[in-house]
Amino acid sequence: MLLDSVIVFTSVYISTISLFPVSEVFTIPLLVISITLILSHHIFAHYYKMYKRAWEYASIGELIIILKAVSLSVIVAALCQYVFMQDIFFRVLASTWMIQLFLISGTRFSWRIYQERNSLKSYKQMKPTLIVGAGCAGTLVARQLKYNQESGLQPVAFIDDDKRKQNLDIMCLPVVGGTDSLTENVEKLGIETIVIAIPSLSKKELHKIYQECNKTNATTQMIPMFEDLVTGKVSVSDIRNVEIGDLLGRPSIQLDTDSIEKLVKGNVILVTGAGGSIGSEICRQLSSYQPSQIILLGHGENSIYSIEMELNTNFGTDTRFTTEIADIKDREKILKLMVHYRPKAVFHAAAHKHVPLMERNPEEAIKNNVYGTRNVAEAADVAGVETFVMISSDKAVNPTSVMGATKRIAEMIVQNLDKKSKTRFVAVRFGNVLGSRGSVIPLFKEQIRKGGPVTITHPEMERYFMTIPEASKLVLQAGALAKGGEIFVLDMGDPVKILDLAHNLIRLSGLSADDIGIEFTGMRPGEKLYEELLNDYEVREKQIYPKIYIGKSVEVNVNEVIERVDECWSKDKSVVREVLLSIANHPVPHKGSEAVSI
C-alpha cells in the first residue's frame, strides 16, 4: 500500500517533468491532482480487493483489476480538475495513467517472476511430466504442478488430439502432438510421469489412452473422473494412480433414484450377508436413501461389527442399524427374525461363492446356497415382505461348477415362489466383482507384492468384470424395478481376458511382466473359459432400463428339483456334483408349461 502511494503520488510529477521540462512542477494544482489520485486509487483498490490477493499467482484477472483501479482513479482526478479548474490536463493524466499501470503491475508481477525463477531452480530434482489433455482441466493441472513443488512433478509438455492446439504453447508449455505420438514424445522429452487430465473421458477412451501409456516406461496417473468432480468429492488437483476399475471399458450405471427412494426411504430393510464385500456396499448405498432401519444380518461377527461401526459413524443420525448374528441355514431363527422385523425389502447377499472350494464341498454349497436361500425366501413370504432381491451370478448360466449349479437352483426356487406369493421375488446376475473376497484381483496383488509369479489357469480365460459399487447399484435398481419373477442382468460390456488383466495390474504396480513372471497352471475343476449372462432361451434384446436387461424364464417343477437335491446332498461328492449339474442344466419342466416371458 505504501509503495502504491509513492508510485501514484510521484507519477504526476514524473509526467509533468517529462512533458514540460522547463515549467514549474511543485504547484498547487498538481498537488491537488496527486492527492486526489492517491485517495481515489486506494478507494478503488480496496473495492477490488487488490491488497487481499496472493500475487505469486497473479494472472490476467489481476492485471484487469489493476487496470480498472488505475483508470477509474485517473478519471476521478480528471473530473475534479474540470470541476475546480474548468480544465483537464489530458496529456499529463494520460502519461500518469501509463506510468501507474506500468509500475503498479510491474511490482506485482515481478514477485510472480521471482517465485517462478526460484521454482525453476528446483526443477532438476523433479520428475518430467507429460499432461494428456490441453483443455481446462489440463491447464489447471499444469498450473497446480508448476506452483506446488511438493508434488515432485515438473510439467514439460501437453498431448492433445485437437489439431488446432497442436504446435501451440499453453501455460508456456508446448502441445507436442496427439496421443498417437505419445510414445515418441515420452522418449524424446525424457518423461517419467504421464498425467491423464481429461475428466470427461469414457472408460473405453481411458483404456485406449492407457494402452498407449503402457508402451512407455513412464508412470501413469490421472485426475478424478467427471462425476466425482461434479459431486465435489475431489478436485482437479487430486492426481491419483490409474486403478484397475478405471480400465473397464463400460460407462457407469445411472440410477433411477426416485424409484429407489420410494422403496427404501423411511422403511425397514434387511440385508443378509451384510458383512461381505457386496452386502456391506449394499448397506452403504441403502443408507444414503435414509431408511428408518437396516437389519445387518450375517454369520461372521467381526465383519458385521465392522460395517455396523462404519454405518453408525457415517449415517447414524438418519438410520438405525441393528445387527443380527445368524446363519441362513437356521430356518427357525431366520423365520423368527423376519416376522419380528417385518422389513419392506430383503436383499439376500449371503452365499458361498468360491468355485474351487465348493467343488470340494458340494454339500455345503447345497446347504447354504439352496436351503439357505429357500429359508430366507420363504420367511420373507410369511412375513409379508414386499420385495425380495437375490444376488445371483453369471456362473448360474449353463453351469459347469457346483457353485453355479446351486445358484441356478436357488434362482428356480425364488422364481417359483414368486408365482404363489404376494412378495415380489427377483434375482440379479452379474459377473466377477473387482476387489471382492475370493476375487482374482486381491490374489494377483498379493502375488505381485511377493515378487511373483502371477498364476493364471489358462491364457484364453475370459470373464465379465464390474466394481463393487456397480454391482450394488444394480441390486438396488433391481429392487426398485421388480414386478416379480425377473432375472436382471447388467450390460457389462465386453469380457476381459484374465491375462490382459494381469498385465495391467503388474503395470499399475510400476513393474513389468518380465520382473514378475506369469505362469499358467491349468483350468481348475468347475471352471469355464468364458462366462455367459443369459441362456439362449432367456435372451431378450430390449433393455428395460439403461444398461439393465431382463431375461425370460422357463417354468420348472421345483418340487421335483428339491426332491432330487434332498436325495443326493449326503451322497458321495462326485455324485452330488453330477446331480446338481444335471438339475441346473436340464431342469424338469412343469407339466404343461412352456417358456414364458416374465
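This text follows the structure it describes.
Analysis parameters
- Residues numbered from 1 in each chain as written.
- Predicted model: local features only at pLDDT ≥ 70, side-chain atom pairs only at ≥ 80, totals over all residues.
- Heavy atoms only, no water.
- Core = buried A, V, L, I, M, F, W, Y, C linked by side-chain atoms within 4.5 Å.
- Buried < 20%, exposed > 50% of the residue type's maximum accessible area, 1.4 Å probe, protein only.
- Helix = DSSP H or I, 4+ residues; strand = E, 2+ residues; numbered from the N terminus.
- Contact = heavy atoms within 4.5 Å.
- Axes fitted to C-alpha atoms, helices over the stretch in contact; angles between N-to-C directions.
- Parallel < 35°, antiparallel > 145°, perpendicular 65-115°, else oblique.
- Nonpolar A, V, L, I, M, F, W, Y, C, P; charged D, E, K, R; others polar.
- Salt bridge = Lys/Arg side-chain N within 4 Å of Asp/Glu carboxyl O.
- Arc of directions from axis to C-beta.
- Left-handed = near helix turned anticlockwise from the far one by under 90°.

J.: Any details on the nonpolar core? Residues and values, ideally.
T.: Core analysis: the largest hydrophobic core is formed by 38 residues, its most contacted members being V271, I282, L286, L296, F347, F430 and V475. Among the elements that make up this core, the one with the highest residue count is helix α17 (residues 468–481) (6 residues). Here L286 is in contact with V264, I269, V271, P291, I294, F347 and L476, once residues within four sequence places are set aside.

J.: Talk me through the packing of helix α9 (residues 257–264) against α17; I want residue IDs and the actual numbers.
T.: Packed helix pairs are specified by the crossing angle of their axes together with the interaxial distance, meaning the distance between the axes. Packing of α9 against α17 brings their axes to within 9 Å, and their N-to-C directions diverge by 75 degrees. Classed by the angle they form, the pair α9 and α17 counts as roughly perpendicular. On α17, the residues that touch S259, I260 and L263 of α9 are L476, Q477, G479 and A480. Residues of the contact of α9 with α17, tallied by class, amount to 4 nonpolar, 3 polar and no charged.

J.: Quick rundown of the pattern of salt bridges? Include the residues and the values.
T.: Here the idea is simple: oppositely charged side chains can pair when their charged atoms come close. A full pass over the atoms with the stated rule returns 15 salt bridges. A salt bridge links E310 to R284, with the nearest nitrogen and oxygen atoms 2.5 Å apart. Separated by 26 residues along the polypeptide, E310 in helix α11 (residues 301–315) and R284 in helix α10 (residues 277–287) bring together distant segments of the chain. For E310, a relative accessible area of 26% gives the class partly exposed. Among the ionic contacts, a cluster of salt bridges with common partners joins E281, R284 and E310.

J.: Give a detailed account of helix α16 (residues 440–449), specifying residues and quantitative values.
T.: Among the residues making up α16, those that are buried are I441, F444, Q447 and I448. Summarising the axial view, the buried residues of α16 lie within an arc of 130 degrees, below the 170-degree limit, and thus occupy one face. Backbone geometry just after α16 places G451 at a positive phi near 95 degrees.

J.: Lay out the packing of helix α15 (residues 402–418) against helix α21 (residues 573–585) with the relevant residues and their values.
T.: At a closest axis distance of 9 Å, the pairing of α15 and α21 adopts a crossing angle of 45 degrees. Taken together, the axis directions place α15 and α21 in an arrangement best described as oblique. You can see that α15 and α21 cross each other, and the crossing is left-handed. Between α15 and α21, the residues in contact are V402, A405, T406, R408, I409 and M412 and R577, L580, L581, I583 and A584, respectively. Considering only residue class, the contact of α15 with α21 consists of 8 nonpolar, 1 polar and 2 charged.

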